[in-house]
Amino acid sequence: MKNRFIPLVSIFSILSFTACNDSKEAGDLALAETSQENAIFEGKPLSMEYEEEITNLISQMTLEEKAGMLHGTSMFATSGVPRLGIPELTMADGPLGIREEISRDSWAPAGWDNDFATYLPAGAGLSATWNPQLAYTFGDVIGAEARDRNKDVLLAPAFNIIRTPLGGRTYEYFSEDPFLNIQITVPYIVGVQENDVAVSVKHYAANNQETNRGTVDVQMDERTLREIYLPAFEAAIKDAHAYTVMGAYNKFRGDYLNENEYMLQDVLRDEWGFKGIVISDWAAIHSTVKALKAGADVEMGTPGPFNEFYFADPLIAAVKSGELSEEEVDKHVRRVLRLMYNIKSIDTTGRAKGSRNTEQHLKDAYNIASESVVLLKNDKNMLPLNLEGVKSITVIGDNATKKNALGGFGAGVKTKLEVTPLEGLKNRLPESIKITHAPGYLERYSKTDKAKFGDITLDGPVTINELDPKLLEEAVNAAKNSDVAIIFAGSNRDYETEASDRASLDLPFGQEELIEKVMQANPNTIVVMIAGAPFDIENIEQQTSTLVWSWFNGSEGGNALADVLLGKVNPSGKLPWTMPKDLKDSPAHANNSFPGDEVATYDEGILVGYRWFDTKNIEPLYPFGYGLSYTDFEFANVKADKKEAYKADETIQVSVDVKNTGEFDGKEVVQLYVSKSDSKVERAAQELKGFKKEMIAKGETKTVTIDVPVRDLAYYNMNSGQWTVEPGAYTLKLGNSSRNLKQEVVIEIQ
């Protein structure tokens, strides 16, 4: 077994995590497999042992060869120096799996017949597992597949904070919460880099909208930056030891991120000790001398031609004119060579070989998908579906057959296998049950134009929301004449996509009307939403008894979803973001700071996501951390490990007894939130500071212990520029969502 880790970070500590293998007796629910271990892990820092060899190589290189290593000379590679044994530095997109090969000088597919890859669940699905071990598994799989495709750098993970539910990349990002973000990000990075592939963590930083992403100037105070938007990046560098960082498109406090000395030099390198390379997002460099001196190392982009990139001919000209020293260029070339030695792309002795499209990778994709599914409502206990007496099931919705691997503006995956929900049900249901599929609605657009790359607006896909009367009638009649109806509704990766934010939370394609009429025709209707971001489903939620949320869930997504519906898997997913009742309830929209014009001012400060809803007493449709099970859990006997006051360098151990009182084995996520009512500074009503996911057999009681280092209770003091732990009383609340906290204990800090 490879080394796996969950680190301790400077402010938001990461807990040792227990996942579980479970074997089931007949009649019980089986759950997705995950390995069971308690461990603290550590990423491997960049080694500095190659500096002498690097100095020797640089001394032999021409200025032109050096410049070639600092900018793209094809769509996803920089130049090597063949005469010195230096290969290209190759890169690959990878939010959902290794992107299909594209042409060297355009976005057109290269037309290979051997560039298939495993399609993995999107980031929102991974984070909904609340399972750091599965995040490691995800990274290990995608790292192995990148290595098998001879890639050096994986342009992932993407974990910008979800600030607005409209965000076009919400499906790809992890969470609205910095603590959960760390839990998923860090193991993911280690999993990738153990395969001798570097991650490029993105998008650094405060890249929280697609609208005007190439020009918007983000403004926020330092406390907000440090407490909300930087923690996962800091953990990625300090604990996971990410080898590369991707500089974002947007400006921050007046300077583009790729020429922002404060962010690239003061914070990233001087404060956090980053030794790797900064790669620009594609076409996100706007200068030569300023960007290079600020700390950007490699410029990538869309076809230029390549020699016209800022770090190409203009860089050579700047050195020859004396505007830029060759020593400055050498510094950046050194960083690139250091990376290449560390991932063994120069001296390939012992480099990982990788693997792709394996049965194990498909099994891993299934495990992630099956733990990600969120049960939102099950009032009539229709789920797990009891097939006794069921002779016919109608499956309704375009999403029953929609494939998402290659969808959208962003990177897609050319995969050999993508099981749709309809296929999953056909794979799992007995042949005696008649399955009828009625689309009910069509995925149609009146406008699908995208704004020019790098000049992004809200002008994304515009949907046609009128139902086709014939398709509606067909769906209603099929539902009426079946024992059970299952509607697969929601969104897709053509509608939720990089390069545009959504204009509203409305369900597209007339689905709300369809769902309402199908439920009227057959009260035994199960509604399954497939989407990566929140939608306005309040009316649907009020009318249906049974509601499930799934994601763009990879090659095995349909099988995993069918197993949840039929009871082979007990759902254990939890929402990684807040689902609002109204868009105006969300902080960026309540204060009218999204999308901004030339400037986006984050007026909500630290009150992002559930912090805003809880502090302002706004009722969400579904809260952060929410998700039901087919069984029930009781929490009791919460206690801290000591009654006297804790010191600043100590760790609080909080334990609670969790009893499975239902009929099925199940996994529960015990969540710990911290409040301080008498603080001298503004604080959120509560903040997630720990969680643990545990498998608990029916009738069993487990004592779950969560560690909270006292330093994790600190706030960022803008006067001193330091993290400060206030003395006094803190309330630690435990439960299974941010709005269902069942036990609490008060502790004292000296």
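### Examining unusual backbone geometry
Okay, so step 1: A cis amide bond, omega 0°, links Ala156 with the succeeding residue Pro157.
Okay, so step 2: Checked against the element boundaries, Pro157 lands in the loop between strand E4 (153-155) and helix H5 (178-193).
Okay, so step 3: Residue Pro595 is reached from Phe594 by a cis peptide bond, and omega for that bond is 0°.
Okay, so step 4: Take Pro595: it is sitting in the loop between helix H18 (587-590) and strand E19 (599-601).
Okay, so step 5: A positive phi angle, close to 70°, is found at Ala283, a residue other than glycine.
Okay, so step 6: In this structure, Asn617 takes a positive phi of about 55° despite not being glycine.
Okay, so step 7: Looking at the secondary structure, you find Asn617 in the loop between helix H19 (610-615) and strand E20 (633-640).

### So, the packing of aromatic side chains
Okay, so step 1: All chains considered together, the criterion is met by 25 aromatic pairs.
Okay, so step 2: Seen in terms of ring centroids, Trp549 and Trp551 are 6.2 Å apart; in terms of plane orientation they differ by 65°. Their pairing is edge-to-face.
Okay, so step 3: On the numbers, 5.0 Å between centres and 35° between planes, the contact of Tyr622 with Tyr626 is tilted.
Okay, so step 4: Put simply, the rings of Trp130, Phe179, Tyr610, Phe624, Tyr673 and Phe691 touch in pairs and so form one group of aromatic residues.
Okay, so step 5: Over the aromatic face of Phe535 sits the side chain of Arg502, whose NZ or CZ is 4.2 Å from the ring centroid.
Okay, so step 6: Its end group placed over the ring of Trp612, Lys616 keeps NZ or CZ at 5.0 Å from the ring centre.

### Describing helix H1 (residues 51-60)
Okay, so step 1: Within H1 the residues assigned to the buried category are Glu51, Ile54, Leu57 and Ile58. End-on view of H1: buried residues confined to an arc of 120°, all on one side of the axis. Away from its buried face, by an angle of more than 90 degrees, H1 presents the exposed residues Glu52 and Ser59.
Okay, so step 2: Residues of H1 that are buried sit in contact with helix H2 (63-68) and helix H11 (326-342).

### Focus on the sheet that holds strand E6 (residues 217-219)
Okay, so step 1: Strand order in the open sheet formed by four strands is E9-E8-E6-E19, with mixed pairing between adjacent strands. The open sheet has two edge strands, strand E9 (255-256) and E19, and neither has a second partner.
Okay, so step 2: Pairing of strand E8 (residues 251-252) with E9 involves two bridges; the strand directions are antiparallel. When the sheet's bridge partners are listed, Phe252 is paired in E9 with Asp255.

### A word on the confidence of the model for the chain
Okay, so step 1: This prediction gives the chain a mean pLDDT of 93; 93% of its residues lie at or above 70.
Okay, so step 2: When pLDDT is averaged over each element of the chain, strand E11 (residues 374-378) comes out on top at 99 and strand E14 (residues 445-447) at the bottom at 83.
Okay, so step 3: Scored below 50 in pLDDT, residues 1-39 shows 148 contacts in the model against residues more than four places distant or in partner chains.
Okay, so step 4: Here residues 450-456 is a poorly scored stretch, pLDDT under 50, and it has 20 contacts once near neighbours within four places are set aside; other chains count.

The rules behind these values
- Residues numbered from 1 in each chain as written.
- Predicted model: local features only at pLDDT ≥ 70, side-chain atom pairs only at ≥ 80, totals over all residues.
- Heavy atoms only, no water.
- Helix = DSSP H or I, 4+ residues; strand = E, 2+ residues; numbered from the N terminus.
- Phe/Tyr/Trp six-rings, centres within 6.5 Å; stacked < 30°, edge-to-face > 60°.
- Lys NZ or Arg CZ within 6 Å of the ring centre and 35° of its normal.
- Buried < 20%, exposed > 50% of the residue type's maximum accessible area, 1.4 Å probe, protein only.
- Arc of directions from axis to C-beta.
- Contact = heavy atoms within 4.5 Å.
- Pairing = 2+ DSSP bridges.
- pLDDT = per-residue confidence, 0-100.

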